[in-house]
Every structure is written in C-alpha cells, then in structure tokens.
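Reading the structure
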Amino acid sequence: MVAIAAVAASPPVAPFDFIKSHVFVEGRLNGRKGTWLVDSGANTSVVTARAAARSQCPPVEVRVANDPYGMSRFVGVESLEVAGVKAGVPFAGVLPKLTDRIMRTDGVFIDGIIGFDWLKQFRATFDFKGRKLTLAPPGAPAVPAPGRHVIPMEILNGVPMVPVSINGGPRRLCLLDTGANILNIRWDFAQASGIRPDDPTIVAGPRVRGLAGNKNTAAVQLKTLAVSKAVFPGVVVSLHDDDHLPWINGTLGNPLFEQYKLTLDARNKQVLLER
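To start, this report covers the structure provided alongside it. This one's a predicted model, so the numbers in the text were calculated from it and none came from an experiment. Counting of residues starts from 1 at the beginning of each chain's written sequence and follows it residue by residue. The predicted nature of this model means local features are confined to residues of pLDDT at least 70 and side-chain atom pairs, given and counted, to a pLDDT of 80 or more, with totals for whole chains, interfaces and linings taken over all residues. Heavy atoms throughout the structure, all of them, feed into the side-chain values; hydrogens and water do not.

1. Quick look at the overall build of the chain
For the purposes of this entry, the term helix denotes a DSSP run of H or I that reaches at least four residues, the term strand denotes a run of E that reaches at least two, and both are numbered from the N terminus. When you go through the chain residue by residue, the secondary structure sums to four helices and 27 strands. For the chain, the spread of C-alpha atoms along the three principal axes comes to 55 × 40 × 30 Å. Residues classed as buried in the chain amount to 51% of the 275 residues present. At a minimum sequence separation of 6, the contacts of the chain that also span at least 24 residues come to 65%. Here the chain has roughly 12800 Å² of accessible surface; of this, 51% comes from carbon and sulfur atoms. His is not counted, nor are the chain ends, whereas Lys and Arg count as positive and Asp and Glu as negative. Throughout, a charge is located at the NZ atom of Lys, the CZ atom of Arg, the CG atom of Asp or the CD atom of Glu. Separation of charge centres in the chain, based on 31 positive and 23 negative side chains, amounts to 3 Å. Relative accessibility decides the category of a residue: with a 1.4 Å probe and only protein chains considered, values under 20% of the type maximum give buried, values over 50% give exposed, and everything between is partly exposed. Here, residues are in contact when the closest pair of their heavy atoms is within 4.5 Å. Under the convention used here, a 1.4 Å probe and the Shrake-Rupley method define accessible areas, while residue burial counts only the protein chains that appear.

Take a look at the structure:
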C-alpha cells in the first residue's frame, strides 16, 4: 500500500546522486536509513544480506519468474520509504555481494535496489538535470503537448518495455532501464534493421559489467534511434546477444534521457519525455 499525505502542496521529491549515469537515493527499509540504486529494469527489489538483517526482514518462501540474478533467498518487506513516502513490496531478493559489485563500478555503498515493483505504484519522474525524483500518485493519462512525448509502455515480466526502431527499421520492444548506464541492442534486432556484422563502422565496444555477469560487446553509431515518435540521431549503442533474457531486444539506459525529464506511469502504461 502506498502512503502519501492526503493533503500536500506538491508531490514528494527525493534528491538523487547521479554517479556514472546511475541514480542513487536515500531510502528507509523498515525505518532504517540507507542508500539505494533506483532500477526500473529490476522486476523485484533487492536488498543486501546486511540490510535485511539490520532491518529485521523475515525470510519468506517465494519463486520469481525471469529472475536474471539467480536469487535463492527472499525476505519480507514491511515498508520501503523514499522522500517520506512509504510503499510496500511483497518481498525482496537478497544478494549477499551486491554492495561489493556496486562499490567496484560506482564507488557507492548501497543497501539495495529499488525495482519496478516499487516504482510502478507511482507516477515516478526522473529529472536528470535537476537531480531529483518526484513520486506523484497515479492520475489521468497524459496527452502529447509541445516539448512532451507520450510513449506507450508495456509491462512484460514485471518491467517497462517501449517500442524502438533503429535506422528506420522494424519496431521491437526494448527495456527502459534506469539501472543501466549504457544503451545496447541485440544483434538479431540490429541485423533486422540493416546492420551487418561486417559493417566497417562497427568497432570494439565496452565490456558490459552487470549484476548477472560481464560481456564483451561491439559498438556502432546509429543513424537514428526512435522510441515511438521520439527520435534520437547519432546514438552510439553496444551490440551483443543476451541469451539469459532473450525477450529483451535491447536496453535503453540513462544516457539516452539525460537531457529530459523521464516519467514512468505504470497505471496508464505511459512513458513521458519532456525537455
């Protein structure tokens, strides 16, 4: 259940640190303060073993579909609070080495990951320029306006997916992932859009480090990347195959949206992009 004050001058706002294109906020797990990574690409919120013990989260027996991390332990969560807003999640996964992994990549000591299971209870707006996260209650659907793109969202396996086309090719669903600091496209999607493995513009890409493992990639600069009707020219993306989650045709990370306000409105199945 979401607990927002009945009378409020404005929606709750949480300042965030934006480090290596990752979003970190202060949150409270069962009342205990800590630092959290905000990750719309996670269908289940995650805590460290230390945070679960400190916050007295009881063990629960559950099974999670499409779990990319191979979690075997889960705990109950009474409340997870950001900016004075408490919202429950049915459970959270436990990753014992989560803090170590984030420390290696970003130098931030975290207590857990706030996933889409928590975010979807709000109209959550990421203001990347202003470094703040606004958590408004769900409302009526938005309509297109000057400077605003309204993008249809599908929720597939518990995460937000949006229609993407590259270089004017076919549309496929890609993950909108505020926990990612890269953009990547599956090779089969790239080839369906006219990009060939022997394309001379393809170069060695970054080694992608994630919670599920590391991968070598290639990279290419696209002519265009379109998210519904929002068109981004000259975007550089990584190209690789992820056999772990084959239903994800690509991942749109924060670098694509850093000049925008990005709103995730799960109730109305919309994503808003505003300058």
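2. Examining helix α2 (residues 98-106)
Within α2, burial applies to Leu98, Thr99, Ile102 and Asp106. Each buried residue of α2 lies within a common arc of 95° when the element is viewed along its axis, so the set occupies one face. Where α2 terminates, the next one or two residues include Gly107, which has phi positive at roughly 70°. In this description, one arc is meant: the one made by directions from the helix axis to the C-beta atoms.

3. Some words on the environment of Ala92
If you trace the backbone, Ala92 turns up in strand β9 (residues 85-94). Residues in contact with Ala92, not counting those within four places in the same chain, are Thr44, Ser45, Val46, Val47, Arg73, Phe74, Val75 and Val77.

4. Structural notes on empty space enclosed by the protein
Throughout, the protein atoms alone are placed on a 1 Å grid, and a set of points is a cavity if a 1.4 Å probe fits but cannot get out or a pocket if it is open with protein on both sides within 12 Å along at least five of seven lines; lining residues have an atom within 4 Å of a point. Grid points are joined across faces, edges and corners, and a volume is the space filled by probe spheres set on the points. Enumeration according to the criterion identifies one cavity of 30 Å³ or more in this entry. Considered as a void within the structure, the largest cavity measures approximately 40 Å³ in volume. Looking at the largest cavity, the residues that line it are Gly27, Leu29, Arg32, Lys33, Gly34, Trp36, Ala51, Arg54, Ser55 and Asp111. Those elements that provide at least two residues to the lining of the largest cavity are β4 (22-29), β5 (32-38) and α1 (49-54). Looking at the lining of the largest cavity element by element, the count peaks at four residues for β5.

5. So, the sheet that holds strand β27 (residues 270-274)
Pairing between strands is defined by DSSP: at least two bridges between the two strands are required. Spatially, the six strands line up as an open sheet ordered β2-β12-β11-β26-β27-β13, and their pairing is antiparallel. Either end of the sheet is taken by a strand with one partner, and the two such strands are β2 (13-15) and β13 (148-152). Strand-to-strand, the axes of this sheet are offset by a mean angle of 15°, without reference to chain direction. Here five bridges tie strand β26 (residues 261-265) to β27, and the two strands are oriented antiparallel to one another. In this analysis, axes come from line fits to C-alpha atoms, helices being fitted only over the stretch in contact, and the angle between any two N-to-C directions falls in the range 0 to 180 degrees.

6. A few points about the nonpolar core
To define a nonpolar core, start from buried Ala, Val, Leu, Ile, Met, Phe, Trp, Tyr and Cys residues and group those joined through side-chain atoms within 4.5 Å. Residues Trp118, Phe126 and Leu225 are the most contacted members of the largest nonpolar core, which totals 64 residues. Top contributing element to this core by residue count: β9, with five residues. Excluding its chain neighbours within four sequence positions, the residues that come into contact with Phe126 are Val23, Val38, Leu119, Lys132, Leu133, Thr178, Tyr260, Lys261, Leu262 and Leu264. Ranked by size, the runner-up nonpolar core spans 13 residues in total, among them Ala42, Met71, Phe74 and Phe91.

7. Remarks on the pairing of strand β11 (residues 123-127)
Counting buried positions along β11 gives five out of five residues, so the element sits mostly inside the fold. Side chains Arg123, Thr125 and Asp127 project from β11 onto one buried face, and the interleaved Ala124 and Phe126 project onto a second face that is buried too. Bridge analysis of β11 against β26 gives five bridges, and the strand direction is antiparallel. Paired with Phe126 across the two strands is Leu262, which belongs to β26. With five bridges connecting them, β11 and strand β12 (residues 132-136) associate as antiparallel partners. Directly across from Thr125, in β12, lies its bridge partner Thr134. Between β11 and β12, which pair antiparallel one after the other, the connecting turn spans four residues, and Arg131 there sits at a positive phi close to 55°.

On their own, these measurements won't tell you what the molecule is for.
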